[in-house]
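The residues making up each chain are set out below.
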Amino acid sequence: RGSARGVVISDDWPGYSLDLFTYPQHYYGDLEYVLIPHGIIVDRTERLAKDITQDIGDNDIVVLCVLKGGYKFCADLVEHIKNLSRNSERFISMKVDFVRLKSYHPGCVGPYFALRHWRKRRRPQRDGEGSGELVPEESQGSGMRGRRNLQNDKSMEDMQIMGEDDLSDLRGKNVLIVEDIIGTGRTMKALLNNIEKCEPKMIKVASLLVKRTSQPDGFRPDYYGFEIPDIFVVGYALDYNEHFRDLNHICVINDQGKAKYRV
Ligand code: 5GP
């Protein structure tokens, strides 16, 4: 399908000027540019809802929303699926559940680790001045790489799923996992490992964003909205130290924003 990679945002895409849109005043001066305006997110989500309904709409679905970053995308996706189903012959029965992922060990893969990790690492200096840009560890020197992989391997078993006390409820069900962003894909693979143990009838994954990382084991979800460059993004429920979730557009933060909300 032509749409297999979602809306592809290329590495040289400069984004939209912030002056073209409205956004909360408390973030004035903290953002670099708008990567994806809110309206485009909503439009793309509507199409994903249609694709999902066409593919699995004959089944009852358990939507498993991965908190916290996935709540906006999940809410909008479910709303669109509901609207489509209301106007069709067969009303899809949907249950919505929530999980939150936590890793037992510092350094394990997972949202908490990922955020801590993004915070700490900086793009190496290019012109004598540190750019302060947030980059994934993989693009740093190789020194850390081995150690992180080792920890990540462990984290596959060590990841803790919070909120879904009894995943065994998923046995025999059609599960749609809804996530905000796939980076290396390790978080999703770990979650899938756990969910597969519950023997659901079917598992599909929908992610709003997928990053073009250099990971050889990159994970591709069944449905996704946008393929984006390997940069740190916030907004539409994606956070930087719990900030920017209340921003509607998906944006890139600037140095002032990073410094202001660094912990
Ligand atoms: P992965 O295991 O795929 O590398 O990382 C996935 C998790 O890391 C996501 O669920 C998300 O919590 C976090 N993450 C990865 N990239 C970003 C990003 O650009 N912005 C934010 N806010 N979180 C990210």
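So, here's what we can say about the structure. Only a predicted model underlies this, so the values are computations on that prediction, with no experimental measurement involved. (Residues numbered from 1 in each chain as written. Predicted model: local features only at pLDDT ≥ 70, side-chain atom pairs only at ≥ 80, totals over all residues. Heavy atoms only, no water.)

1. A short note on the overall build of the protein
Going by this rule: A run of DSSP states H or I qualifies as a helix once it reaches four residues; a run of E qualifies as a strand once it reaches two. Both are numbered from the N-terminal end. Throughout, exposure labels follow a simple rule: accessible area from a 1.4 Å probe, protein chains only, divided by the maximum for the residue type, with under 20% read as buried, over 50% as exposed, and the rest as partly exposed. Pairs of residues are marked as contacts when any of their non-hydrogen atoms sit within 4.5 Å. Shrake-Rupley sampling with a 1.4 Å probe provides the accessible areas, and residues are treated as covered by the protein chains on show and by no other component.
Across its full length, the protein carries six helices and nine strands. The buried share of the protein, reckoned over its 263 residues, is 50%. In the protein, the proportion of contacts linking residues at least 24 apart, taken out of those at least 6 apart, comes to 69%. Here the protein has roughly 12900 Å² of accessible surface; of this, 48% comes from carbon and sulfur atoms.

2. Observations regarding the side chain of Thr45
Heads up, the rule is: Polar contacts here mean pairs of N or O atoms no more than 3.5 Å apart (in protein, one a potential hydrogen donor and the other a potential acceptor; neighbouring residues in sequence count only if both atoms are side-chain atoms).
Assignment of secondary structure puts Thr45 in helix α1 (residues 38-56). Among the residues examined, Thr45 registers a relative accessible area of 0% and is labelled buried. At a separation of 2.6 Å, a polar atom in the side chain of Thr45 contacts the main-chain carbonyl oxygen of Ile41. Apart from the residues lying within four places of it in its own chain, the contact partners of Thr45 are Phe73, Asp76, Leu77, His80, Leu208 and Tyr236.

3. Examining the environment of Lys189
Within the secondary structure layout, Lys189 lies in helix α5 (residues 186-196). Take Lys189: its relative accessible area is 25%, and that puts it in the partly exposed class. Residues Lys189 and Gly218, 29 residues apart in the sequence, show an inter-C-alpha distance of 9.8 Å.

4. A word on the nonpolar core
This is how it is decided: Throughout, nonpolar core names a set of buried Ala, Val, Leu, Ile, Met, Phe, Trp, Tyr and Cys residues whose side chains join them through atoms within 4.5 Å.
Ranked by internal contacts, the top residues of the largest apolar core, which has 35 residues, are Leu35, Ile36, Leu77, Leu209, Ile228, Val233 and Ile250. At the level of elements, β2 (31-36), α1, β3 (61-67), α2 (71-86), β6 (174-182), β7 (202-211), β8 (223-228) and β9 (250-253) are the ones that each hand at least two residues to this core. Residues contacting Leu77, with those up to four places away along its chain left out, are Thr45, Leu48, Ala49, Ile52, Leu176, Val178 and Ala206. If you look at the next biggest cluster of nonpolar residues, it comprises 20 residues, including Val66, Val99, Leu101 and Val210.

5. Some details on α2
Residues separated by three or four positions in an α-helix point in the same direction, a consequence of the helix having 3.6 residues per turn. Heads up, the condition is: Every helix has an expected span of 1.5 Å times one less than the residues it contains.
Spanning 16 residues, α2 covers 22 Å between terminal C-alpha atoms, matching the ideal 22 Å at 1.5 Å per step. Among the residues making up α2, those that are buried are Phe73, Cys74, Asp76, Leu77, Val78, His80, Ile81 and Ser85.

6. Quick word on the environment of Gln160
The residue Gln160 is located in strand β5 (residues 159-162) in this model. Considering only alpha carbons, one finds Gln160 and Ala190, 30 residues apart in sequence, at a separation of 9.6 Å.

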